[in-house]
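Listed here are the chains, written in short residue letters.
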Amino acid sequence: MCLAVPGKVIEVRDDRGTRMATVNFDGILKEICLAYLPDIGVGEYVIVHVGFAISRLDEESAMETLAMFRELGILEEELGVESDPGADSGSATETVSATGANS
Amino acid sequence: MKYLDEFNDPELAKKLFADIERVTTKKWAIMEVCGGQTHAIIRNGIDQLLNDNIELIHGPGCPVCVTPLGGIDKALAIAALPDVIFCSFGDMVRVPGSHRDLFQVRSEGGDVRIVYSPLDAVKLAEENPDKEVVFFAIGFETTAPANAMAVHQAKQRGITNFSVLVSHVLVPPAIEAIVDAEDSRVDGFLAAGHVCSIMGTWQYGPLVDKHQVPIVVTGFEPLDVLEGIRRVVIQLEEGRAELENAYPRVVSEEGNVPAQKLVGEVFEVCDRMWRGIGEIPQSGWRLAPAYRDFDAELRFDVGSIDSPESEVCRSGEVLQGMIKPNECESFGKECTPRKPLGATMVSSEGACAAYYQYRRLDGIEVEVSSGG
Amino acid sequence: MAEKPNFSGWSCPLPLRDYERIVIGHGGGGRLSAELVEHLFLPAFGVDPSEELRDSAVIDLAAQGLADSGGRLAFSTDSYVVRPLFFPGGSIGDLAVNGTVNDVAMSGAQPIALSTGFILEEGLKMETLARVATEMGIAAKLADVRLATGDTKVVDAGQADGLYINTAGVGLIPEGVDIRPGRATPGDVVIVSGPIGMHGVAVMSKRESLEFGTEIRSDSAPLNSLVADMLAVTSDIHVLRDPTRGGVTSSLCEIASTADVGIAYEESLVPVPAEVAAACAFLGLDAMSVANEGKLVAVVPAEQVDAVLVAMQDNTYGREACVIGKVVEAHRGMVVAKTTFGATRVVDLQLGEQLPRIC
């Protein structure tokens, strides 16, 4: 459900008492209702669903999550446990894709 | 797109797949509740790339699919009325009711319009004072604040020719119904991140405690979904059942308080029918008494429309992971993506529709170019 | 693309000046009709005013040096009902020319002449019609095709939505050229001529209740010169399609089904401009199914790919041409995408127009 995408607030204004914003989605500009994020300012990222900003996107947290993904497996490699019998781990991708979609 | 592309990175995906492989030793059935997550899974082929120990069950989290037949028939009845402009989100327009869909109503002279936002429907009402503008207010908790704002704005601005046909559904009661089911096979859940961006995560703690089932709040990009799966598997392998938030860049514990406040003012909790599943107590929202004037069901007197669901459709069992789509007798026969009988065949991400597509590749070696 | 005329100071030529809007009589075959042809269409289409007008156009192949060009005619028609009439990068006028030019070109033919049929709604602004006609004239000049014959009808107010255009085109297919969907053969390579989805996104950006700001312009363009350049390096091109409504997905599905072959492409190779990707992301659409009006999909034998690509990239309309996949023996009749993660996905035709999703 609930297709919602991140965009950057580039302008904030008032429309008859409702807080509205222009949000930039990688070159696509859209008028978005900002009523539910009273503290958001220009330059911040928000998550937008059906024309409403529903949440602030915490850029720092996004970076932390990505950094954590990058760290994955590095510890195992250092400890030399990558040849764990449980799996030729990492090669699962190739093996399955070669035989198609019998999921 | 910034903050989308990074979470679609195939190289990081490999790391996540590898780590899931590393931590998985037993068979687990994990339900992604939300249709948006199902979309990411199908679109990227994540289910094919996971090891065989992990089974993904596509849950009931598509508000379009679970809108009951009766709700759609009410919409069709209103849309066919003269002097009505009926507004809907795009994905609701092709969902068949008992006999036809909104496109067919339009071909018969109904004024049916697709809007991006509920506020567009309010604008149409202002621009067309001699018409009745009705908005089909469907959705989960994520969409409710938008729909609530439309009604609130109409009331505030004295727009009397605007009303909403409400078919709102709530996620936690659905999860509860699924874990409560006798033969439930679901070992852990990916909860819907955007629902939680509104409602917070606090609603799920009691569910985890009561049913001892891991719930991980999960985002919608492929890496988010993989991380959600990874965290559920780790909990299951370690014998834990906890609430985790794997989508912290968007979701907080308390959620969006101003949104909750307006939703609480405009809507009240009610029992709700789910297509394919049946009635789930306290699983929906309807307009609160102060806003009843905006209820299209009352205004156009369609409350009595009640359409029986297909008797042969077993989408409820599919949704709960009890049977595979092709174990339903109607699958691929009287029920196809063009003539769906139930929720899971309605949307292209529904479990049955997806299965219908992929079944065509069964047993075929797929050769894909390296491109050139 | 040619400079677009500026209509801010447009005023009607003398006899039309009394009519700011189309009236029923403009389709009545009388003096008003004649004035519309003489003072609006002919100048807009760049027709020599001294040319004798008659009931049908006569195409003199010998005079054009085409008398010995083979004997096979490509003939195509298309109707244009696009809303809005004007959108970023184009209008119903240049679409009506380019669309039919491209349909003819997809058989490998060089379009020679187009017919133009107008259905106008009573009350249409004369200025709007003049603007559309002028853009058709410019597009025809750019495509090097003659707008040879035409017709205008006017219907009562409310019976049409402004104006509709039908064009039909003819062209000659060079000797030795046999381009059709059925010729796709396993081993062939699939090419697209450039970034996809631009026309559809440009038009959507102006639709009521969807409006959004974007720099994306329609890619509306005539592709006959591109096709000619491709055929100059090899006559052995198997299939050409212009991926308009339904996008590249529709073209690939039709080819796979007609030729009874499989088609496999890699999503990572498909050129999608960032803004098209962004518009698709927030509306929930698939760029592969969004319309194009200045792109083609080509299926060519593997041994010709390099030469064809070089020829395409040398043409204005094929600068970013690239390979996206190939024709295979397996999964006959089906199109399969390899995802960026390395999995596979069956790709199917959309039921109708793509609609914005919320979930």
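A quick note: this is a predicted structure, and the numbers were derived from the prediction, not measured. Numbering of residues starts from 1 in each chain and follows the order in which that chain's sequence is written. Chains and ligands are labelled by the order in which they are written, letters from A for the one and numbers from 1 for the other. This being a predicted model, a pLDDT of at least 70 is required before a residue's local features are given, and a value of 80 or more before pairs of side-chain atoms are given or counted; all residues contribute to the totals for chains, interfaces and linings. Excluding hydrogens and water, the side-chain values take into account all heavy atoms of the structure.

Visitor: If you had to explain the overall build of chain A to someone new, which residues and values would you point to?
Guide: Every helix listed is a DSSP run of H or I at least four residues long, and every strand listed is a run of E at least two residues long, numbered separately from the N terminus. Tallying secondary structure elements over chain A gives 3 helices and 5 strands in all. Listing the helices and strands of chain A from first to last along the sequence gives β-β-β-β-β-α-α-α. Between buried and exposed lies partly exposed: a residue is buried under 20% and exposed over 50% of the maximum accessible area for its type, with that area taken using a 1.4 Å probe on protein chains only. Burial analysis of chain A (103 residues in total) assigns 46% to the buried set. In this description, contact between two residues means that some pair of their heavy atoms is separated by no more than 4.5 Å. Taking contacts inside chain A between residues at least 6 apart in sequence as the whole, the part at least 24 apart equals 26%. Methods summary: accessible areas were calculated by the Shrake-Rupley approach with a probe of 1.4 Å, and residue burial reflects only the protein chains presented. Surface exposure of chain A reaches about 4,800 Å², of which carbon and sulfur atoms provide 52%.

Visitor: Can you break down the overall build of chain B residue by residue, with the values?
Guide: The number of helices and strands found in chain B is 17 helices and 11 strands. Computed over its C-alpha atoms, the radius of gyration of chain B comes to 21 Å, within 12% of the 21 Å expected for a compact globule of 372 residues. The principal-axis extents of the C-alpha atoms in chain B amount to approximately 65 × 50 × 45 Å. Here the analysis covers contacts within chain B between residues at least 6 apart in sequence; of these, 76% occur between residues at least 24 apart. Summing over all exposed atoms, chain B offers an accessible surface of approximately 13,400 Å²; the carbon and sulfur share of this is 48%. A radius of gyration in this sense is built from C-alpha atoms; the matching globule rule multiplies 2.2 Å by the number of residues raised to 0.38.

Visitor: Go over the interface of chain A and chain C with me, naming the residues and quoting the values.
Guide: Between chain A and chain C, the contact holds 16 residues from the first and 21 residues from the second. By buried area we mean the combined loss of accessible area, with a 1.4 Å probe, across both parts when two parts are placed together. In terms of surface lost to chain C, no three residues of chain A exceed Leu-3, Ile-28 and Lys-30 of chain A, which account for 42% of the buried area on that side. N or O atoms closer than or at 3.5 Å make up a polar contact, with two conditions inside protein: a donor-capable atom paired with an acceptor-capable one, and, for residues adjacent in sequence, both atoms drawn from side chains. If you look at where chain A meets chain C, you find 4 residue pairs in polar contact (both at pLDDT 80 or more). Counting only elements with at least two residues in the side of chain A that touches chain C, the list comes to strand S3 (28–33) and helix H3 (92–99) of chain A. Broken down by element, the residue count for the side of chain A that touches chain C peaks at 3 residues, all from S3 of chain A. Think of it as three bins: nonpolar holds Ala, Val, Leu, Ile, Met, Phe, Trp, Tyr, Cys and Pro, charged holds Asp, Glu, Lys and Arg, and polar takes everything else, Gly as well. Grouping the amino acids of the side of chain A that touches chain C by side-chain chemistry returns 9 nonpolar, 5 polar and 2 charged.

Visitor: How would you explain the interface of chain B and chain A if you had to name every residue and give the values?
Guide: Taken together, the contact between chain B and chain A spans 65 residues of the former and 57 residues of the latter. Between chain B and chain A lies a buried interface of about 4,900 Å² when both sides are counted; carbon and sulfur atoms form 64% of it. Note on definitions: salt bridges are taken to be side-chain nitrogens of Lys or Arg within 4 Å of carboxyl oxygens of Asp or Glu. Where Glu-126 of chain B meets Arg-16 of chain A, a salt bridge forms, and the shortest distance between an N and an O atom there is 2.9 Å. For the pair chain B and chain A, the number of links is 14 residue pairs in polar contact (both at pLDDT 80 or more). Those elements giving two or more residues to the side of chain B that touches chain A turn out to be helix H1 (10–23), helix H2 (35–44), helix H3 (46–49), helix H7 (118–127), helix H8 (144–156), helix H10 (193–199), helix H12 (222–237) and helix H13 (257–266) of chain B. Of all the elements, H1 of chain B adds the most residues to the side of chain B that touches chain A, at 9 residues. Classifying every residue of the side of chain B that touches chain A gives 37 nonpolar, 12 polar and 16 charged.

Visitor: For the sheet that holds strand S5 (residues 132–139) of chain B, give the residues involved together with the corresponding values.
Guide: All names here are of chain B. Two strands pair under a simple rule: DSSP has to find at least two bridges between them. The mixed open sheet is built from 6 strands, whose spatial order is S4-S3-S5-S6-S11-S10. Of all strands in the sheet, those bounded by a partner on one side alone are strand S4 (111–114) and strand S10 (267–274). Strand after strand, the sheet turns through a mean of 25 degrees between neighbouring axes, direction not considered. Inspection of the sheet shows strand S3 (residues 84–88) paired to S5 by 4 bridges, in the parallel sense. Each axis is a line fitted through C-alpha atoms, and for a helix only the stretch in contact is used; angles between axes span 0 to 180 degrees, taken between their N-to-C directions.

Visitor: Give a description of the domain arrangement of chain B that names residues and reports values.
Guide: Residue and element names in this part refer to chain B. Throughout the structure description, domain borders are defined by an automatic or database domain assignment. Domain annotation of chain B identifies domain 1 (1–299) and domain 2 (325–359). On the domain 2 side, the residues contacting the 11 residues of domain 1 number 10 residues. Between domain 1 and domain 2 we count 0 salt bridges in total. The tally of links between domain 1 and domain 2 comes to 0 residue pairs in polar contact (both at pLDDT 80 or more). Per element, the largest residue contribution to the side of domain 1 that touches domain 2 is 4 residues, and it comes from H2.

Visitor: Just give me the short version of the sheet that holds strand S8 (residues 215–218) of chain B, but keep the residues and values in it.
Guide: Residues and elements named next belong to chain B. Read from one edge to the other, the open sheet built from 5 strands follows the order S2-S1-S7-S8-S9, with strand pairing classed as parallel. Both edges of this open sheet fall to strand S2 (54–61) and strand S9 (243–245), since each of them pairs with a single strand only. In this sheet, adjacent strand axes meet at a mean angle of 25 degrees when their direction is disregarded. Here 6 bridges tie strand S1 (residues 28–34) to S2, and the two strands are oriented parallel to one another. Each bridged residue has a counterpart across the sheet, and for Glu-32 the counterpart in S2 is His-58. The sheet strands contacting H12 are S1, S2, strand S7 (188–192), S8 and S9, and the helix crosses S8 at an angle near 165 degrees.

Visitor: If you had to explain the nonpolar core to someone new, which residues and values would you point to?
Guide: Side-chain atoms within 4.5 Å are what join buried Ala, Val, Leu, Ile, Met, Phe, Trp, Tyr and Cys residues into a set we call a nonpolar core. Formed by 140 residues in total, the largest nonpolar core has its most connected members in Phe-86, Phe-162, Phe-189, Leu-226 and Ile-229 of chain B. Setting aside its immediate chain neighbours within four residues, Leu-226 of chain B contacts Ala-13, Leu-16, Phe-17, Ile-20, Ile-46 and Leu-50 of chain B together with Phe-341 of chain C. Among the nonpolar cores identified, the runner-up in size contains 57 residues, and Val-5 of chain A, Met-1 of chain B together with Phe-212 and Val-299 of chain C belong to it.

Visitor: Could you give an account of the pattern of salt bridges, with specific residues and numbers?
Guide: Residue and element names in this part refer to chain B. Scanning all chains against the criterion turns up 40 salt bridges over all chains. The partner of Arg-100 in a salt bridge is Glu-108, with the nearest N and O atoms 2.4 Å apart. According to the relative accessible area criterion, Glu-108 is exposed, its value standing at 55%. Between Glu-132 and Arg-299 there is a salt bridge, and its shortest N-O distance comes to 2.9 Å. Within this pair, whereas Glu-132 is found in strand S5, its partner Arg-299 is found in helix H14 (residues 296–299), the two being separated by 167 residues in sequence. Here Glu-132 falls in the partly exposed class, since its relative accessible area comes to 24%. The class for Arg-299 is partly exposed, based on a relative accessible area of 29%. Linked through salt bridges whose partners overlap, the residues forming this network are Asp-19, Arg-22, Glu-227, Arg-230, Arg-231 and Glu-244.

Visitor: How would you sum up helix H8 (residues 305–313) of chain C? Please name residues and give values.
Guide: Taken as a whole, H8 of chain C has its buried residues at Val-305, Val-308, Leu-309, Ala-311 and Met-312 of chain C. Considered in projection along H8 of chain C, the buried side chains sweep an arc of 165 degrees and stay on one side of the axis. The arc in question is the one spanned by the directions pointing from the helix axis to the C-beta atoms.

Visitor: Provide a residue-level description of the packing of H1 of chain B against H12 of chain B, including the pertinent values.
Guide: Angle between the axes and distance between the axes: these two values describe a pair of packed helices. All names here are of chain B. Running from N to C, H1 and H12 point in directions that differ by 15 degrees, and their axes come no closer than 10 Å. As the angle between them shows, H1 and H12 are arranged roughly parallel. The two elements H1 and H12 cross, and the hand of that crossing is left-handed. For the pair H1 and H12, the contacting residues are Leu-12, Ala-13, Leu-16, Phe-17, Asp-19, Ile-20 and Val-23 in the first and Leu-223, Leu-226, Glu-227, Ile-229, Arg-230, Val-233, Ile-234 and Glu-237 in the second. The cut-offs work like this: below 35 degrees is roughly parallel, past 145 is roughly antiparallel, 65 to 115 is roughly perpendicular, and the gaps in between are oblique. Two helices that cross are described as forming a left-handed crossing if the nearer one is turned anticlockwise from the farther one by less than a right angle, and a right-handed crossing if clockwise.

Visitor: How would you explain the packing of aromatic side chains if you had to name every residue and give the values?
Guide: Aromatic rings from Phe, Tyr and Trp, with only the six-membered ring used for Trp, were paired whenever their centres fell within 6.5 Å, and each pair was classed as stacked if the ring planes differed by under 30 degrees, edge-to-face if by over 60, and tilted otherwise. Applying the stated criterion to the full structure yields 16 aromatic pairs over all chains. Geometrically, the ring pair formed by Phe-220 of chain B and Tyr-247 of chain B is edge-to-face, given 6.2 Å between the ring centres and 70 degrees between the ring planes. Taken together, the positions of Phe-220 of chain B in the loop between S8 and H12 and Tyr-247 of chain B in the loop between S9 and H13 put the pair 27 residues apart, joining distant regions of the chain. Relative accessible area serves as the criterion here: at 4%, Tyr-247 of chain B is assigned to the buried category. Centroid distance Phe-41 of chain C to Phe-118 of chain C: 4.6 Å. Interplanar angle 35 degrees. Geometry classified as tilted. One end of the pair, Phe-41 of chain C, is in helix H1 (residues 31–45); the other, Phe-118 of chain C, is in strand S4 (residues 110–121), with 77 residues separating them in the sequence. Summarising the burial analysis for this pair, Phe-41 of chain C and Phe-118 of chain C share the class buried. Every member of this aromatic cluster is reached through a ring pair, and the members are Phe-25 of chain A, Tyr-116 of chain B together with Phe-212 and Phe-282 of chain C. Taking NZ or CZ as reference, Arg-249 of chain B lies 3.5 Å from the ring centre of Phe-7 of chain B, over its face. We call a charge positioned over a ring when the NZ of a Lys or the CZ of an Arg lies within 6 Å of the ring centre and within 35 degrees of the ring normal. Across the ring face of Phe-86 of chain C, the terminal group of Arg-131 of chain C is positioned such that the distance to the ring centre comes to 3.6 Å.

Visitor: Can you explain the side chain of Asn-51 of chain B? Please cite residues and give values.
Guide: Residues and elements named next belong to chain B. One can find Asn-51 in the loop between H3 and S2. A distance of 2.8 Å separates a polar atom in the side chain of Asn-51 from the backbone nitrogen of Asn-53. Here Asn-51 is in contact with Ile-20, Glu-21 and Thr-24, once residues within four sequence places are set aside.

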